[in-house]
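Here is how the chains run, residue by residue.
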Amino acid sequence: MPSITIDVAAILTYVDWLGAQHPLIIMWELFRTGGWIPMLIVMMRGFWWVWINERQFIFMQTVNPVLLAIDVPKSTEQTPKAVENIFSQLLGAHSTLTKKEMYWLGKMNPCFSFEIVSIEGYVQFLVRVWAKYRDLVEAAVYAQYPEAEITEVEDYVLNAPQKWPWPNKEGGLFGSEFVLSKPEYYQLKTHQDFTDPVSGEFKDPMAALLEGLAKLQPGEQVWLQMLVTTCAQNWKDPGEKLVKKLIGTKITPKVTMLDQAVDLPLQALDAGIQGFIGGEPAKPVQKKDDVRSQMLFLSPGERFVVERVEQKLSKIGLRTKIRFIYIGPRKTLRVGTIISFVRGALQQFTTLNMNKLSFYGGVTTKYDYFWQLNPIFFYLSGTFYKTTNERIKSIFLAYKYRSNWRGAPHYILSTEELASIWHFP
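Since we're looking at a predicted model, the values are computed, not measured.

Reading guide: rules and limits
Think of each chain on its own: its residues are numbered from 1, step by step along the sequence as written. At least 70 in pLDDT is required for a residue's local features to be given in this predicted model, at least 80 for side-chain atom pairs to be given and counted, and no such filter applies to totals for whole chains, interfaces and linings, which use all residues. Note: side-chain values were computed over all heavy atoms of the structure, leaving out hydrogens and water. Cavity means a closed set of points on a 1 Å grid over the protein atoms alone, one where a 1.4 Å probe fits but cannot get out, pocket means an open set with protein on both sides within 12 Å along at least 5 of 7 lines, and lining means a residue has an atom within 4 Å of a point. Grid points are joined across faces, edges and corners, and a volume is the space filled by probe spheres set on the points. Helix and strand definitions follow DSSP, with helices as H or I runs of at least four residues and strands as E runs of at least two, each counted in order from the N terminus. The span one expects for a helix is its residue count, reduced by one, times 1.5 Å. Note on bend: the value at a residue is the angle between axes fitted to the seven residues ending there and to the seven starting there. Contacts are assigned to residue pairs with any non-hydrogen atoms lying within 4.5 Å of each other. Paired rings are identified among Phe, Tyr and Trp, the last through its six-membered ring, by centres lying within 6.5 Å, and are further divided according to the angle between planes into stacked (under 30 degrees), edge-to-face (over 60) and tilted (the rest). Throughout, exposure labels follow a simple rule: accessible area from a 1.4 Å probe, protein chains only, divided by the maximum for the residue type, with under 20% read as buried, over 50% as exposed, and the rest as partly exposed. Here, over-ring charges are defined by two tests on the NZ atom of lysine or the CZ atom of arginine: distance to the ring centre within 6 Å, and angle to the ring normal within 35 degrees.

**A closer look at the layout of surface pockets**
Over the atoms rolls a probe the size of a water molecule, and in doing so it shows where empty space is left.
Moving on, step 1. Taken as a whole, the largest pocket holds about 970 Å³ of empty space.
Moving on, step 2. Lining the largest pocket are 37 residues, with Gln56, Met60, Met108, Asn404 and Trp405 sitting closest to its centre.
Moving on, step 3. Those elements that place two or more of their residues in the lining of the largest pocket are α2 (23-60), α4 (99-103), β2 (111-119), β3 (122-130) and β6 (221-229).
Moving on, step 4. When residues in the lining of the largest pocket are grouped by element, the largest group, 6 residues, is from α2.
Moving on, step 5. Its boundaries defined by the atoms lining it, the second largest pocket holds a volume of some 350 Å³.

Right under this line is the structure:
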């Protein structure tokens, strides 16, 4: 086999020569000697992303979404468990897409938008759904609320200003998205935690939110949007590993085809040797240091985490994005007040050793420093971030089109968590 030699002196001479050249020559040399490879990879990924988005955009023109207003009589005595059943039935719309459907036809699994909207104090519960799944949603609602009224309505977003320069002379807009603070398999508080264990009385966590929405002043609007997309249920794997780690169960790695291919000759050789010497195949010996279950030795906090993670893993999970927008007249803009009761309403689902919902800084429209209002500072620093004006435009368009790819990343919420956040009072 020929040996490979490296001329270190030649390499050092080339580096010294390169360092003395003009920056343009340095860039060309780096590009010529292999720098084009990462650039080609980046460009191919960019073209692929553009292609997928273009195919999905074409597909979305065919879904014909409709907006449904749902009114449930106040006399209805139903718990959020009924809405949990509605969310569970959405999984019936999920399908396993082929590569042709995903990458050529641009097909996606259906997305449902569950919204709570208050326009000058008038509160509505709305569901935006693809036309082909309208019957599915209506049947699910009527099954739990036979006296409900479902009507198709005009999209309220179209009645709001469609262009948002910053600052706007007539009105202002604040927007953000809520994300989980911990991995998605950690559970939020659910409606079961708001039931008194003694009296059995249910203290509705939405009461404070709806009370605040009903007190909006003229010209004010608050929009809450919860995008729910059906997905495969393989999101549970990391959570199952966490539970096994906490209780001390040995995690057995999955056996791949390569492992089987390597083990098969060894097993055949072992069987042949045992047959030649007349012995029996060796039996696996139980190691003394195998980890035993630590469930009995967990602290109360650890036991609580295990129980709540397992509770979430036992439910159907759906990909989720939660958006929030407040619009109001500039003279009477109450951003701080509105944020406090909306964020406070969602903070009710917080458990400190489990999970909570908080604003995602990457899309929130409020800044703390004056230089964040002007992009020139970011260009001078060599980095570009969206200004407040651009963030306002971005989150408004994301909300308007119920975008599944703009803004914060997705996360999984169980049907129980979804029903706790969005349910009829």
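Next, the rest of the story.
**Section: α2**
Moving on, step 1. With 38 residues, α2 should reach 56 Å at 1.5 Å per residue; the first-to-last C-alpha distance of 46 Å falls well below that figure.
Moving on, step 2. In the structure, α2 departs most strongly from a straight axis at glycine 34, where the bend amounts to approximately 80° and where the proline proline 38 lies between one and four residues downstream.
Moving on, step 3. Those residues of α2 that are buried are in contact with α1 (8-19), α4 and β3.

**Focus: the packing of aromatic side chains**
Moving on, step 1. One pass over the full model with this rule turns up 22 aromatic pairs.
Moving on, step 2. Ring centres 4.6 Å apart and planes at 55° place the aromatic pair phenylalanine 87 and phenylalanine 114 in the tilted group. On the criterion of sequence distance, the pair formed by phenylalanine 87 in helix α3 (residues 80-89) and phenylalanine 114 in strand β2 is long-range, its members being 27 residues apart.
Moving on, step 3. Using a relative accessible area of 0% as the deciding quantity, one classes phenylalanine 87 as buried.
Moving on, step 4. Ring geometry for phenylalanine 125 versus tryptophan 422: centroids 5.6 Å apart, planes at 75°, classification edge-to-face. Of this pair, phenylalanine 125 sits in strand β3 while tryptophan 422 sits in the segment after α13 (415-421); the two residues are 297 residues apart in sequence, bridging distant segments of the chain.
Moving on, step 5. A residue is classified by how much of its surface remains accessible, and tryptophan 422, at 3% relative accessible area, is buried.
Moving on, step 6. Ring-pair connections join several aromatic residues into one group, and the members of that group are Phe87, Phe114, Phe125, Tyr145, Trp422 and Phe424.
Moving on, step 7. Positioned over the ring face of tryptophan 104 is arginine 55, at 5.3 Å from the centre of the ring.

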